[in-house]
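# Analysis of the macromolecular model
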Amino acid sequence: GKSGYDHFMLKEIHEQPRALRQCLRGRVSELDGDVTVPELGDIELERVHLVAAGTSYHAAVYGAQLLCDAGISAQAHYAHEYAISPPPIENATVVGVSQSGETADTLAATREARRLGAETLALTNTVGSTMARECDKAFYIRSGPEIGVAATKTFAGQQTALNLLAEAATPGAGDRDLVSALRDLPGNVQEILDESTAESVAEAYIDADSYFFIGRGLNFPVSLEGALKMKEISYEHAEGFAAGELKHGPLALVTANTPVFATVTGDGEYARKTIGNVKEVEARDAPVVAVTDGRSNVGRYADHVLDVPQTHPRVAAILANVQLQLVSYYTAAMLGRSIDKPRNLAKSVTVE
Ligand code: F6R
(Lines give C-alpha, C1' and ligand atoms only; values in the text may rest on other atoms or scores of the structure.)
Protein backbone atom coordinates (compact mmCIF):
# COMPACT_ATOMS: atom_id res chain seq x y z
CA GLY A 1 0.00 0.00 0.00
CA LYS A 2 0.87 3.67 0.03
CA SER A 3 1.81 3.69 3.74
CA GLY A 4 -0.23 6.83 4.40
CA TYR A 5 1.08 8.79 1.41
CA ASP A 6 -1.42 10.16 -1.12
CA HIS A 7 0.47 8.59 -4.01
CA PHE A 8 3.03 5.90 -4.65
CA MET A 9 5.22 8.55 -6.23
CA LEU A 10 5.46 10.52 -2.99
CA LYS A 11 6.02 7.33 -1.02
CA GLU A 12 8.83 6.35 -3.40
CA ILE A 13 10.41 9.80 -3.21
CA HIS A 14 10.44 9.34 0.57
CA GLU A 15 11.86 5.84 0.30
CA GLN A 16 15.03 7.17 -1.28
CA PRO A 17 17.21 7.23 1.84
CA ARG A 18 16.46 3.55 2.40
CA ALA A 19 16.82 2.63 -1.26
CA LEU A 20 20.20 4.31 -1.49
CA ARG A 21 21.43 2.67 1.71
CA GLN A 22 20.46 -0.65 0.12
CA CYS A 23 22.36 0.23 -3.06
CA LEU A 24 25.52 1.03 -1.10
CA ARG A 25 25.31 -1.83 1.40
CA GLY A 26 28.32 -4.11 1.31
CA ARG A 27 29.74 -2.37 -1.75
CA VAL A 28 31.77 0.32 0.00
CA SER A 29 34.37 -0.89 2.46
CA GLU A 30 33.98 0.53 5.97
CA LEU A 31 37.71 0.09 6.43
CA ASP A 32 39.38 1.76 3.49
CA GLY A 33 36.54 3.15 1.40
CA ASP A 34 37.31 0.82 -1.51
CA VAL A 35 34.38 0.06 -3.73
CA THR A 36 33.78 -3.58 -4.57
CA VAL A 37 30.87 -4.85 -6.56
CA PRO A 38 31.18 -8.64 -6.73
CA GLU A 39 28.77 -8.84 -9.69
CA LEU A 40 31.19 -6.78 -11.75
CA GLY A 41 34.13 -9.09 -11.11
CA ASP A 42 37.39 -7.36 -12.00
CA ILE A 43 35.76 -5.33 -14.71
CA GLU A 44 38.03 -3.37 -17.00
CA LEU A 45 36.49 -0.60 -18.96
CA GLU A 46 38.30 0.91 -21.89
CA ARG A 47 35.38 2.41 -23.75
CA VAL A 48 31.78 2.48 -22.57
CA HIS A 49 28.50 3.03 -24.41
CA LEU A 50 25.60 3.58 -22.05
CA VAL A 51 22.27 2.86 -23.76
CA ALA A 52 18.91 3.80 -22.27
CA ALA A 53 15.61 5.65 -22.71
CA GLY A 54 13.69 8.26 -20.74
CA THR A 55 14.79 8.83 -17.18
CA SER A 56 17.35 6.05 -17.50
CA TYR A 57 18.90 7.95 -20.40
CA HIS A 58 19.34 10.94 -18.10
CA ALA A 59 21.14 8.67 -15.64
CA ALA A 60 23.26 7.46 -18.56
CA VAL A 61 24.24 11.05 -19.45
CA TYR A 62 25.24 11.55 -15.82
CA GLY A 63 27.14 8.24 -15.76
CA ALA A 64 29.05 9.00 -18.95
CA GLN A 65 30.45 12.13 -17.32
CA LEU A 66 31.58 10.18 -14.26
CA LEU A 67 33.34 7.59 -16.40
CA CYS A 68 35.00 10.25 -18.53
CA ASP A 69 36.23 11.94 -15.34
CA ALA A 70 37.75 8.58 -14.43
CA GLY A 71 39.63 8.57 -17.74
CA ILE A 72 37.34 6.08 -19.47
CA SER A 73 35.96 7.05 -22.86
CA ALA A 74 32.20 6.94 -22.32
CA GLN A 75 29.12 8.10 -24.19
CA ALA A 76 25.40 7.97 -23.48
CA HIS A 77 23.13 6.96 -26.35
CA TYR A 78 19.39 6.76 -26.79
CA ALA A 79 18.86 3.02 -27.04
CA HIS A 80 16.36 3.33 -29.89
CA GLU A 81 18.89 5.21 -31.99
CA TYR A 82 21.78 2.96 -31.01
CA ALA A 83 19.93 -0.22 -31.93
CA ILE A 84 19.58 0.94 -35.53
CA SER A 85 22.93 2.60 -35.97
CA PRO A 86 25.55 1.89 -33.32
CA PRO A 87 28.87 3.76 -33.39
CA PRO A 88 32.15 1.80 -33.75
CA ILE A 89 31.97 -0.73 -30.97
CA GLU A 90 35.45 -2.23 -30.83
CA ASN A 91 36.67 -2.73 -27.24
CA ALA A 92 33.45 -1.25 -25.93
CA THR A 93 31.48 -2.43 -22.95
CA VAL A 94 27.82 -1.66 -23.57
CA VAL A 95 25.87 -0.81 -20.43
CA GLY A 96 22.10 -1.08 -20.67
CA VAL A 97 20.60 1.26 -18.08
CA SER A 98 17.01 0.20 -17.41
CA GLN A 99 14.93 0.21 -14.26
CA SER A 100 12.64 -2.53 -15.52
CA GLY A 101 15.15 -4.45 -17.59
CA GLU A 102 12.27 -4.99 -20.01
CA THR A 103 12.26 -1.84 -22.14
CA ALA A 104 12.11 -3.02 -25.75
CA ASP A 105 14.23 -0.15 -27.07
CA THR A 106 17.01 -0.81 -24.60
CA LEU A 107 16.90 -4.56 -25.10
CA ALA A 108 17.20 -3.99 -28.85
CA ALA A 109 20.37 -1.97 -28.20
CA THR A 110 22.03 -4.48 -25.88
CA ARG A 111 21.08 -7.30 -28.28
CA GLU A 112 22.66 -5.45 -31.18
CA ALA A 113 25.78 -4.88 -29.06
CA ARG A 114 25.99 -8.58 -28.29
CA ARG A 115 25.50 -9.47 -31.92
CA LEU A 116 28.45 -7.23 -32.75
CA GLY A 117 30.55 -8.99 -30.12
CA ALA A 118 30.65 -6.37 -27.37
CA GLU A 119 30.68 -7.18 -23.67
CA THR A 120 27.34 -6.19 -22.15
CA LEU A 121 26.34 -5.14 -18.65
CA ALA A 122 22.78 -4.65 -17.41
CA LEU A 123 22.41 -1.90 -14.81
CA THR A 124 18.90 -2.55 -13.59
CA ASN A 125 16.55 -2.67 -10.65
CA THR A 126 14.84 -5.88 -11.63
CA VAL A 127 16.43 -9.15 -10.64
CA GLY A 128 15.96 -11.80 -13.30
CA SER A 129 14.68 -9.31 -15.89
CA THR A 130 15.22 -10.02 -19.57
CA MET A 131 18.12 -7.59 -19.72
CA ALA A 132 19.75 -9.02 -16.61
CA ARG A 133 19.51 -12.51 -18.12
CA GLU A 134 20.70 -11.61 -21.59
CA CYS A 135 23.70 -9.43 -20.70
CA ASP A 136 27.07 -10.86 -19.68
CA LYS A 137 26.82 -9.23 -16.27
CA ALA A 138 24.07 -7.67 -14.16
CA PHE A 139 24.57 -4.90 -11.63
CA TYR A 140 21.50 -4.32 -9.48
CA ILE A 141 20.60 -0.91 -8.09
CA ARG A 142 18.45 -2.45 -5.31
CA SER A 143 15.88 0.34 -5.13
CA GLY A 144 12.99 -2.00 -4.32
CA PRO A 145 9.74 -2.10 -6.33
CA GLU A 146 8.66 1.16 -7.97
CA ILE A 147 4.91 1.36 -8.58
CA GLY A 148 4.52 4.98 -9.72
CA VAL A 149 4.97 5.27 -13.46
CA ALA A 150 7.32 8.21 -12.93
CA ALA A 151 10.78 6.96 -12.04
CA THR A 152 12.06 8.60 -8.84
CA LYS A 153 13.99 6.45 -6.40
CA THR A 154 15.32 4.34 -9.24
CA PHE A 155 16.90 7.39 -10.91
CA ALA A 156 18.74 8.17 -7.67
CA GLY A 157 19.64 4.48 -7.45
CA GLN A 158 21.03 4.52 -10.99
CA GLN A 159 23.08 7.65 -10.26
CA THR A 160 24.47 6.02 -7.13
CA ALA A 161 25.24 2.74 -8.86
CA LEU A 162 26.99 4.58 -11.69
CA ASN A 163 29.25 6.19 -9.10
CA LEU A 164 30.06 2.72 -7.82
CA LEU A 165 30.71 1.50 -11.36
CA ALA A 166 33.13 4.37 -12.05
CA GLU A 167 34.95 3.68 -8.77
CA ALA A 168 35.03 -0.09 -9.27
CA ALA A 169 36.46 0.40 -12.76
CA THR A 170 39.37 2.49 -11.50
CA PRO A 171 40.81 0.44 -8.62
CA GLY A 172 43.48 2.22 -6.65
CA ALA A 173 42.41 5.59 -7.98
CA GLY A 174 39.56 5.78 -5.47
CA ASP A 175 38.17 9.15 -4.50
CA ARG A 176 37.86 9.16 -0.70
CA ASP A 177 35.81 12.32 -0.64
CA LEU A 178 33.32 10.71 -2.97
CA VAL A 179 33.11 7.56 -0.89
CA SER A 180 32.45 9.52 2.26
CA ALA A 181 29.88 11.68 0.41
CA LEU A 182 28.14 8.50 -0.76
CA ARG A 183 27.99 7.31 2.82
CA ASP A 184 26.35 10.59 3.82
CA LEU A 185 23.99 10.55 0.84
CA PRO A 186 20.99 8.79 2.44
CA GLY A 187 21.10 11.19 5.40
CA ASN A 188 21.42 14.19 3.09
CA VAL A 189 18.38 13.06 1.10
CA GLN A 190 16.47 12.70 4.35
CA GLU A 191 17.41 16.25 5.29
CA ILE A 192 15.95 17.53 2.00
CA LEU A 193 12.76 15.51 2.49
CA ASP A 194 12.36 16.91 6.01
CA GLU A 195 13.02 20.54 5.11
CA SER A 196 12.04 21.05 1.47
CA THR A 197 9.99 24.12 0.56
CA ALA A 198 9.19 22.64 -2.86
CA GLU A 199 5.45 22.67 -2.14
CA SER A 200 5.37 26.45 -1.80
CA VAL A 201 7.50 26.84 -4.92
CA ALA A 202 5.06 24.64 -6.85
CA GLU A 203 2.20 26.77 -5.58
CA ALA A 204 3.90 30.02 -6.57
CA TYR A 205 4.16 28.92 -10.21
CA ILE A 206 1.05 26.84 -10.63
CA ASP A 207 -0.22 29.12 -13.42
CA ALA A 208 3.03 29.12 -15.39
CA ASP A 209 2.93 28.82 -19.19
CA SER A 210 5.97 26.58 -19.23
CA TYR A 211 8.77 25.43 -16.93
CA PHE A 212 12.44 25.58 -17.87
CA PHE A 213 15.29 23.74 -16.19
CA ILE A 214 18.92 24.67 -16.72
CA GLY A 215 22.23 23.34 -15.46
CA ARG A 216 25.76 22.57 -16.61
CA GLY A 217 27.99 19.55 -16.18
CA LEU A 218 26.38 16.95 -13.96
CA ASN A 219 23.48 19.31 -13.43
CA PHE A 220 22.63 19.13 -17.13
CA PRO A 221 21.10 15.61 -16.92
CA VAL A 222 19.44 16.71 -13.69
CA SER A 223 17.76 19.49 -15.66
CA LEU A 224 16.65 17.08 -18.38
CA GLU A 225 15.18 14.85 -15.71
CA GLY A 226 13.50 17.75 -13.87
CA ALA A 227 11.70 18.68 -17.07
CA LEU A 228 10.71 15.13 -17.98
CA LYS A 229 9.20 14.56 -14.55
CA MET A 230 7.24 17.80 -14.82
CA LYS A 231 5.86 16.88 -18.27
CA GLU A 232 4.93 13.34 -17.36
CA ILE A 233 2.89 13.96 -14.26
CA SER A 234 1.68 17.56 -14.49
CA TYR A 235 1.00 17.55 -18.28
CA GLU A 236 2.52 21.02 -18.36
CA HIS A 237 5.10 22.00 -20.91
CA ALA A 238 8.64 21.83 -19.58
CA GLU A 239 12.09 21.74 -21.15
CA GLY A 240 15.52 21.02 -19.75
CA PHE A 241 18.60 22.60 -21.30
CA ALA A 242 22.31 22.69 -20.88
CA ALA A 243 22.44 26.24 -19.56
CA GLY A 244 24.87 27.23 -22.30
CA GLU A 245 22.24 26.45 -24.95
CA LEU A 246 19.79 28.97 -23.60
CA LYS A 247 20.96 31.88 -25.68
CA HIS A 248 21.13 29.71 -28.79
CA GLY A 249 17.36 29.59 -29.14
CA PRO A 250 15.27 28.75 -26.09
CA LEU A 251 15.73 32.24 -24.65
CA ALA A 252 13.11 33.38 -27.18
CA LEU A 253 10.52 31.48 -25.11
CA VAL A 254 11.44 33.05 -21.78
CA THR A 255 8.82 35.43 -20.34
CA ALA A 256 7.56 36.59 -16.96
CA ASN A 257 5.37 33.50 -16.92
CA THR A 258 8.05 30.86 -17.53
CA PRO A 259 9.85 30.06 -14.28
CA VAL A 260 13.45 28.94 -14.77
CA PHE A 261 14.82 26.32 -12.37
CA ALA A 262 18.59 26.74 -12.26
CA THR A 263 20.56 23.99 -10.55
CA VAL A 264 23.83 25.49 -9.38
CA THR A 265 26.11 23.55 -7.07
CA GLY A 266 29.69 24.32 -6.13
CA ASP A 267 31.33 27.66 -6.90
CA GLY A 268 33.48 26.84 -9.92
CA GLU A 269 33.30 27.61 -13.61
CA TYR A 270 29.97 25.84 -14.10
CA ALA A 271 28.37 27.83 -11.30
CA ARG A 272 29.77 31.14 -12.48
CA LYS A 273 28.54 30.61 -16.02
CA THR A 274 25.12 29.37 -15.01
CA ILE A 275 24.71 32.45 -12.83
CA GLY A 276 25.38 34.43 -16.02
CA ASN A 277 22.43 32.60 -17.62
CA VAL A 278 20.29 33.32 -14.58
CA LYS A 279 20.96 37.03 -15.06
CA GLU A 280 19.97 36.72 -18.73
CA VAL A 281 16.58 35.21 -17.93
CA GLU A 282 16.00 37.71 -15.15
CA ALA A 283 16.52 40.53 -17.60
CA ARG A 284 13.53 39.01 -19.47
CA ASP A 285 11.50 39.10 -16.23
CA ALA A 286 11.46 35.31 -15.77
CA PRO A 287 11.14 34.13 -12.19
CA VAL A 288 14.15 32.09 -11.05
CA VAL A 289 14.22 29.15 -8.68
CA ALA A 290 17.75 28.25 -7.64
CA VAL A 291 18.45 24.71 -6.53
CA THR A 292 21.73 25.22 -4.77
CA ASP A 293 24.13 24.19 -2.05
CA GLY A 294 24.79 27.85 -1.25
CA ARG A 295 28.44 27.70 -2.29
CA SER A 296 27.87 30.36 -4.95
CA ASN A 297 25.81 33.53 -4.71
CA VAL A 298 23.11 32.33 -7.14
CA GLY A 299 20.57 32.71 -4.33
CA ARG A 300 21.00 36.46 -4.58
CA TYR A 301 19.45 36.42 -8.05
CA ALA A 302 16.68 33.94 -7.29
CA ASP A 303 13.04 34.43 -6.36
CA HIS A 304 13.08 31.11 -4.52
CA VAL A 305 15.86 28.89 -3.26
CA LEU A 306 15.65 25.13 -2.81
CA ASP A 307 18.56 24.06 -0.62
CA VAL A 308 20.75 21.01 -0.91
CA PRO A 309 23.37 20.08 1.67
CA GLN A 310 26.99 20.73 0.72
CA THR A 311 28.73 17.60 -0.48
CA HIS A 312 30.82 16.14 -3.31
CA PRO A 313 29.78 17.58 -6.71
CA ARG A 314 28.70 14.17 -8.00
CA VAL A 315 26.47 13.62 -5.03
CA ALA A 316 25.12 17.18 -5.24
CA ALA A 317 23.55 16.24 -8.58
CA ILE A 318 21.70 13.37 -6.89
CA LEU A 319 20.43 15.67 -4.15
CA ALA A 320 19.34 18.47 -6.48
CA ASN A 321 17.13 16.05 -8.37
CA VAL A 322 15.21 15.24 -5.19
CA GLN A 323 14.12 18.88 -4.90
CA LEU A 324 12.96 18.84 -8.53
CA GLN A 325 11.03 15.60 -7.98
CA LEU A 326 9.14 17.31 -5.18
CA VAL A 327 8.36 20.41 -7.28
CA SER A 328 6.87 18.21 -10.04
CA TYR A 329 4.95 16.12 -7.57
CA TYR A 330 3.35 19.09 -5.82
CA THR A 331 2.61 20.84 -9.11
CA ALA A 332 0.80 17.74 -10.41
CA ALA A 333 -0.98 17.25 -7.10
CA MET A 334 -2.27 20.84 -7.08
CA LEU A 335 -3.45 20.42 -10.67
CA GLY A 336 -5.28 17.23 -9.67
CA ARG A 337 -3.43 15.00 -12.14
CA SER A 338 -3.36 11.21 -12.14
CA ILE A 339 0.11 11.09 -10.65
CA ASP A 340 0.79 7.39 -10.33
CA LYS A 341 -0.65 6.53 -13.75
CA PRO A 342 -0.24 9.52 -16.05
CA ARG A 343 -2.35 9.50 -19.19
CA ASN A 344 -0.83 7.75 -22.23
CA LEU A 345 2.13 6.32 -20.30
CA ALA A 346 3.11 2.83 -19.18
CA LYS A 347 5.61 1.85 -16.51
CA SER A 348 7.44 -0.50 -18.78
CA VAL A 349 7.48 0.15 -22.52
CA THR A 350 7.78 -3.31 -24.01
CA VAL A 351 7.23 -2.38 -27.65
CA GLU A 352 9.73 -0.57 -29.87
C1 F6R B 1 10.18 8.38 -16.63
C2 F6R B 1 9.97 7.01 -17.01
C3 F6R B 1 10.38 6.54 -18.38
C4 F6R B 1 11.36 5.39 -18.21
C5 F6R B 1 11.74 4.79 -19.56
C6 F6R B 1 12.81 3.71 -19.42
O7 F6R B 1 9.70 8.66 -15.37
O8 F6R B 1 9.50 6.25 -16.21
O9 F6R B 1 10.95 7.58 -19.11
O10 F6R B 1 12.49 5.89 -17.55
O11 F6R B 1 10.61 4.27 -20.18
O12 F6R B 1 12.38 2.69 -18.58
P13 F6R B 1 13.40 1.63 -17.98
O14 F6R B 1 14.31 2.37 -17.06
O15 F6R B 1 12.54 0.62 -17.29
O16 F6R B 1 14.14 1.06 -19.14
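Whatever comes next refers back to the structure up there.
Just so we're clear, the structure is a prediction, and the values are computed from it rather than from any experiment.

In this structure, the largest pocket occupies an estimated 550 Å³ of space. Lining the largest pocket are 27 residues, with Ala 53, Gly 54, Thr 55, Lys 347 and Val 349 positioned closest to its centre. Within the residue set of the lining of the largest pocket, elements represented by two or more residues are helix 3 (54–69), strand 3 (92–98), helix 5 (104–115), helix 7 (153–168) and helix 10 (219–234). Sort the elements by how many residues they give to the lining of the largest pocket and helix 3 lands first, with five residues. The class makeup of the residues in the lining of the largest pocket is ten nonpolar, 13 polar and four charged.

Let us look at the packing of helix 3 against helix 7. Where helix 3 contacts helix 7, the axes come no closer than 9 Å and their chain directions differ by 25 degrees. By the criterion of interaxial angle, the relationship of helix 3 to helix 7 is roughly parallel. As for the relative orientation of helix 3 and helix 7, their crossing is right-handed in sense. Of helix 7, the residues touching helix 3 (which contributes Thr 55, Ser 56, His 58, Ala 59, Tyr 62, Gly 63, Leu 66 and Leu 67) are Phe 155, Gln 158, Gln 159, Leu 162, Asn 163 and Ala 166.

Taken in spatial order, the five strands line up as 7-6-8-9-10 in an open sheet, and their pairing is parallel. Looking along the sheet, the strands with just one partner apiece sit at the ends: strand 7 (238–242) and strand 10 (304–307). The average angle at which neighbouring strand axes cross in this sheet is 20 degrees, direction not considered. Here five bridges tie strand 8 (residues 260–264) to strand 9 (residues 288–292), and the two strands are oriented parallel to one another. Looking at the pairing, Ala 262 lines up with Ala 290 of strand 9. Across the sheet, helix 10 lies against strand 6 (211–215), strand 7 and strand 8, angled at about 175 degrees from strand 7, the strand it touches most. In the packing of helix 11 (residues 269–283) onto the sheet, the strands contacted are strand 6, strand 8 and strand 9, and the crossing angle to strand 8 comes to about 165 degrees.

This part covers the nonpolar core. Soluble globular proteins: nonpolar side chains tend toward being buried together. Judged by nonpolar contacts, the single largest core of 80 residues is most densely connected at Leu 50, Phe 139 and Leu 164. It is helix 12 (residues 313–334) that contributes the most residues to this core, twelve residues altogether. Discounting chain neighbours no more than four positions away, the residues touching Leu 164 are Cys 23, Leu 24, Arg 27, Val 28, Val 35, Val 37, Phe 139 and Leu 182. Core analysis: the second largest hydrophobic core is formed by 19 residues, Phe 212, Leu 246, Val 260 and Ala 302 among them.

Conventions and cut-offs
- Residues numbered from 1 in each chain as written.
- Predicted model: local features only at pLDDT ≥ 70, side-chain atom pairs only at ≥ 80, totals over all residues.
- Heavy atoms only, no water.
- 1 Å grid on protein atoms, 1.4 Å probe; cavity = no way out; pocket = protein on both sides within 12 Å on 5 of 7 lines; lining within 4 Å.
- Points joined across faces, edges and corners; volume = space filled by probe spheres on them.
- Helix = DSSP H or I, 4+ residues; strand = E, 2+ residues; numbered from the N terminus.
- Nonpolar A, V, L, I, M, F, W, Y, C, P; charged D, E, K, R; others polar.
- Axes fitted to C-alpha atoms, helices over the stretch in contact; angles between N-to-C directions.
- Parallel < 35°, antiparallel > 145°, perpendicular 65-115°, else oblique.
- Left-handed = near helix turned anticlockwise from the far one by under 90°.
- Contact = heavy atoms within 4.5 Å.
- Pairing = 2+ DSSP bridges.
- Core = buried A, V, L, I, M, F, W, Y, C linked by side-chain atoms within 4.5 Å.
- Buried < 20%, exposed > 50% of the residue type's maximum accessible area, 1.4 Å probe, protein only.

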